[in-house]
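Per-entry structural report
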Amino acid sequence: MTSTRYEGDDWDLASSVGATATMAAMTRAIATRTDRPLIDDPFAALLVQAVGIDLLTRLATGELPPDGLVEQVAIDGAKVRTKFYDDFFLNATSAGITQVVILASGLDSRAYRLAWPSGTVVYEIDQPQVIEFKTRTLAGLGAAPTAERRVAAVDLRDDWPAALRTAGFDPALPSAWSAEGLLGYLPPEAQDRLLDTITELSAPGSRVATESRPNPRPGEEEKTKKGLDGISERWRAHGFDTDMTRLRYFGERNEAAPYLADHGWALNAISTRDLIVANDLSPLKDDDLRMSDLLYVSGTLDKTTN
Ligand SMILES: C[S@@+](CC[C@H](N)C(=O)[O-])C[C@H]1O[C@@H](n2cnc3c(N)ncnc32)[C@H](O)[C@@H]1O
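Please read these numbers as outputs of a predicted model, since none were measured by experiment.

**Brief notes about the environment of Ala 115**
- Take Ala 115: it is sitting in the loop between helix H5 (110–113) and strand E2 (121–126).
- Residue classification places Ala 115 among the exposed positions, given a relative accessible area of 67%.
- The sequence separation of Ala 115 and Asp 159 amounts to 44 residues, and the corresponding C-alpha distance is 31 Å.

**Here we look at the pattern of salt bridges**
- Tallying each qualifying case throughout the model produces 20 salt bridges.
- The closest approach of N and O atoms between Arg 81 and Glu 180, which form a salt bridge, is 3.0 Å. Here Arg 81, found in helix H4 (residues 72–94), pairs with Glu 180, found in the loop between strand E4 (175–179) and helix H8 (188–200); they are 99 residues apart in sequence, far enough to count as distant.

**Looking at the sheet that holds E4**
- Read across the sheet, seven strands follow the order E3-E2-E1-E4-E5-E7-E6 without closing on themselves; strand pairing throughout is mixed. Where the open sheet ends on each side, the last strands, each with one partner, are strand E3 (148–153) and strand E6 (265–271). Between one strand axis and the next, the sheet turns by 20° as a mean value, whatever way the strands run.
- Two elements, strand E1 (residues 99–103) and E4, share five bridges in a ladder whose sense is parallel. In the strand pairing of E4, Val 100 is matched with Ala 176.
- Helix-sheet contacts for H4 involve E1, E4, strand E5 (207–212) and strand E7 (295–301), and the interaxial angle to E5 is about 165°.
- The strands that helix H6 (residues 128–140) touches are E2 and E3; relative to E3, the one it contacts most, it runs at about 150°.

**Remarks on the pairing of E1**
- The buried fraction of E1 is high, at five of five residues.
- Here E1 shows a buried face lined by Gln 99, Val 101 and Leu 103 and a second buried face lined by Val 100 and Ile 102.
- Note that E1 and E2 share five bridges and pair parallel. Across the sheet, residue Gln 99 finds its bridge partner in E2, namely Val 121.

**What about the nonpolar core?**
- Membership of the largest hydrophobic core comes to 64 residues, with the highest contact counts inside it found for Met 26, Leu 56, Leu 59, Phe 89, Trp 235 and Phe 240.
- The contacts of Met 26, once residues within four sequence positions are left out, are Val 48, Leu 56, Leu 59, Ala 60, Val 70 and Trp 235.
- Membership of the second largest hydrophobic core comes to 28 residues, among which are Leu 186, Leu 194, Leu 195 and Trp 265.

**Side note on helix H3 (residues 54–61)**
- Where H3 is concerned, the buried positions are Leu 55, Leu 56, Thr 57, Leu 59 and Ala 60.
- Where the residues of H3 are buried, they touch helix H1 (18–33), helix H2 (44–51) and helix H9 (220–237).
- Directly after H3, the chain includes Gly 62, whose backbone phi takes a positive value near 90°.

**Quick notes on the packing of aromatic side chains**
- Going through the model one piece at a time under the given rule, you end up with ten aromatic pairs.
- Ring geometry for Phe 84 against Tyr 296: centres 5.2 Å apart, planes inclined by 55°, an arrangement best described as tilted. In this pair, Phe 84 is assigned in helix H4 and Tyr 296 in strand E7, connecting sequence segments 212 residues apart.
- Classification of Phe 84 as buried rests on a relative accessible area of 13%.
- Considering the side-chain rings of Tyr 85 and Tyr 296, the 6.4 Å spacing of their centres and the 75° angle between planes classify their relative orientation as edge-to-face. With Tyr 85 in helix H4 and Tyr 296 in strand E7, the pair connects residues that are 211 residues apart, well separated along the chain. The pair formed by Tyr 85 and Tyr 296 is uniform in burial state, with each residue classed as buried.
- Each residue in the set Tyr 123, Trp 160, Phe 169 and Trp 177 is aromatic and connected to the rest through ring pairs, giving one cluster.
- One residue, Lys 225, lies across the ring of Phe 250, its end atom 4.7 Å from the ring centre.
- A cation over a ring is seen here: Arg 248 above Tyr 185, with NZ or CZ 5.1 Å from the ring centre.

**Focus on the site of the ligand**
- Taken together, 22 residues form the shell around the ligand, and within it Arg 28, Arg 81, Ala 104, Asp 126 and Leu 156 come nearest.
- Between Arg 81 and the ligand, the recorded distance is 2.7 Å, taken from a side-chain N or O atom to an oxygen atom.
- Protein coverage of the free-state accessible area of the ligand, which is 580 Å², stands at 98%.
- For the shell around the ligand, the element with the most residues is H1, which contributes four residues.
- Grouping the amino acids of the shell around the ligand by side-chain chemistry returns eleven nonpolar, five polar and six charged.

Cut-offs and rules
- Residues numbered from 1 in each chain as written.
- Predicted model: local features only at pLDDT ≥ 70, side-chain atom pairs only at ≥ 80, totals over all residues.
- Heavy atoms only, no water.
- Helix = DSSP H or I, 4+ residues; strand = E, 2+ residues; numbered from the N terminus.
- Buried < 20%, exposed > 50% of the residue type's maximum accessible area, 1.4 Å probe, protein only.
- Salt bridge = Lys/Arg side-chain N within 4 Å of Asp/Glu carboxyl O.
- Pairing = 2+ DSSP bridges.
- Axes fitted to C-alpha atoms, helices over the stretch in contact; angles between N-to-C directions.
- Contact = heavy atoms within 4.5 Å.
- Core = buried A, V, L, I, M, F, W, Y, C linked by side-chain atoms within 4.5 Å.
- Phe/Tyr/Trp six-rings, centres within 6.5 Å; stacked < 30°, edge-to-face > 60°.
- Lys NZ or Arg CZ within 6 Å of the ring centre and 35° of its normal.
- Near = heavy atom within 4 Å.
- Polar contact = N/O pair within 3.5 Å; in protein donor to acceptor, adjacent residues only side chain to side chain.
- Areas by Shrake-Rupley, 256 points an atom, 1.4 Å probe, with all protein chains shown as cover.
- Nonpolar A, V, L, I, M, F, W, Y, C, P; charged D, E, K, R; others polar.

Shown next, in the form of structure tokens:
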């Protein structure tokens, strides 16, 4: 495995895996400014600016055009991914779920920008420095949460259920869970543990949304790494020293969709490619995707089969 990751490593929003949250917010900021944005994340550019990585700030604010630095597929991918999770949460809460858990919330501003039904409690979990930075920065900008926001500042490889319960989470109530842009940053066994724990903490009728990446076919990971190395190089030439290949875990793992289905979740799945078409964006070309096509999955827990 090519990775500089190690057990118990930690980060802020400018380093290691934390910087991927800043990159995700940067693509949302670019997406928000396009002609057909599909999403509106007014906090994304401000949060990226506050983190202070010069290249990502210039891209997020529009001072530097994305050309050659952020691919169209990344911008369209950010649009459909963000809309997928926005819709998931709005559907779940309008169906009566009042407890939402955003795992690895990073610079996600849903707790401040979605029109949550009154009475919704949104829990956010991420590393302590990430949670603290976002809370402080948005408060400094005068932003107020649009739901009751509670945080659990904890590593998802540690005892996060205890931290979630301490924050007030009630496992007897149905919940809506998201793990967006997270699983590839967890070692395979930590991913299984995370999905097991979500299932254990979910009352009947709970919902989940995440991504499920098909295991790589021969040669596919080399192509992925080459693509990520190319981006890292281009960004390094603009002063941002990152090595994307070393932040995530490669290799075989249990795919999230069948794993969840085996644990009692009834899921629907749609690929990035199909989601882009379903949202009337320009269809992807054959070689647009650096990695195998992700499936966006969402569904409901049927505890009788669990
Ligand atoms: C690619 S970012 C995605 C952030 C956010 N979900 C989004 O889509 O904008 C990955 C996030 O996972 C978080 N993360 C990864 N591994 C984690 C762990 N072991 N414990 C807590 N957070 C973790 C990082 O801090 C980061 O915020």
